[in-house]
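# Structure at a glance
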Amino acid sequence: MRSLQRVWTARVDVDASRCATSSGRFDINFIRLKETAPDLPFTEQFTWRPGEIEVSVNFWTDEAVLEYLIGTIAACPCRD
C-alpha cells in the first residue's frame, strides 16, 4: 500500500516469436469491488514486448479487484 492506495501487479510472459513487431497493445478487463459503491467493470490498456513484463494498476484502500482477465490483444503482422 502506498499513499492510501493498493497496487495490483501481475507478471505477463509474452511469446512474440511469430510477430514481425517488437511491441503491441493489450487490454486487461477488471471488475473493481468498492465498499460503498457498486462493482465497476473497467479496462486498462498496456503495451507488450517479448519476454516477461510487469503491469500494475492503483486502487484506493477501500477498493479491491474482484475479477480480471486478458481482454483484447492488438493483432500484429506475422513473420514470413
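Just so it is clear, the structure is predicted and the values come from calculations on it, not from any experiment. (Residues numbered from 1 in each chain as written. Predicted model: local features only at pLDDT ≥ 70, side-chain atom pairs only at ≥ 80, totals over all residues. Heavy atoms only, no water.)

### Details of the layout of surface pockets
- In this structure, the largest pocket occupies an estimated 180 Å³ of space.
- The wall of the largest pocket is formed by Val-12, Val-14, Asp-15, Ala-16, Cys-19, Phe-26, Trp-48, Ile-70, Ile-73, Ala-74 and Cys-76.
- For the lining of the largest pocket, the secondary structure elements donating two or more residues are strand E1 (5–14) and strand E5 (63–73).
- Taken together, the residues of the lining of the largest pocket break down into ten nonpolar, no polar and one charged. (1 Å grid on protein atoms, 1.4 Å probe; cavity = no way out; pocket = protein on both sides within 12 Å on 5 of 7 lines; lining within 4 Å. Points joined across faces, edges and corners; volume = space filled by probe spheres on them. Helix = DSSP H or I, 4+ residues; strand = E, 2+ residues; numbered from the N terminus. Nonpolar A, V, L, I, M, F, W, Y, C, P; charged D, E, K, R; others polar.)

### Points about the sheet that holds strand E2 (residues 24–34)
- Reading across the sheet, the three strands line up as E3-E2-E5 and stay open at both edges, with antiparallel pairing between neighbours. Two strands bound the open sheet, and with one partner strand each, they are strand E3 (37–48) and E5. Taking each pair of neighbouring strands and ignoring which way they run, the sheet shows an average axis angle of 20°.
- In terms of strand pairing, E2 meets E3 through ten bridges, oriented antiparallel. (Pairing = 2+ DSSP bridges. Axes fitted to C-alpha atoms, helices over the stretch in contact; angles between N-to-C directions.)

### Some remarks on the pattern of salt bridges
- In the structure shown here, the tally under the stated rule is five salt bridges.
- Here Glu-54 ties to Arg-11 by a salt bridge, and the two come within 2.3 Å at their closest N and O atoms. Taken together, the residues Glu-54 in strand E4 (residues 51–60) and Arg-11 in strand E1 connect sequence positions 43 residues apart.
- Two residues, Glu-63 and Arg-32, come together in a salt bridge whose shortest N-O distance is 3.2 Å. With Glu-63 in strand E5 and Arg-32 in strand E2, this pair connects stretches of sequence that are 31 residues apart. Summarising the burial analysis for this pair, Glu-63 and Arg-32 share the class buried.
- Salt bridges linked by common partners bring Arg-32, Lys-34, Asp-62 and Glu-63 together as one network. (Salt bridge = Lys/Arg side-chain N within 4 Å of Asp/Glu carboxyl O. Buried < 20%, exposed > 50% of the residue type's maximum accessible area, 1.4 Å probe, protein only.)

### Some thoughts on the state of the cysteines
- Counting across every chain of the model gives one disulfide.
- Linked covalently through their sulfurs, Cys-19 and Cys-76 form a disulfide whose S-S length is 2.3 Å. Given an S-S torsion of about -50°, the disulfide between Cys-19 and Cys-76 has left-handed geometry. Placement of Cys-19 in the loop between E1 and E2 and of Cys-76 in the segment after E5 is noted, with a sequence separation of 57 residues between them. (Disulfide = S-S within 2.5 Å.)

### Notes on the pairing of E2
- Adjacent in sequence and paired antiparallel, E2 and E3 are bridged by two residues.
- Looking at chain direction, E2 and E5 are connected through eight bridges and run antiparallel. What sits directly across from Phe-30, in E5, is Tyr-68.

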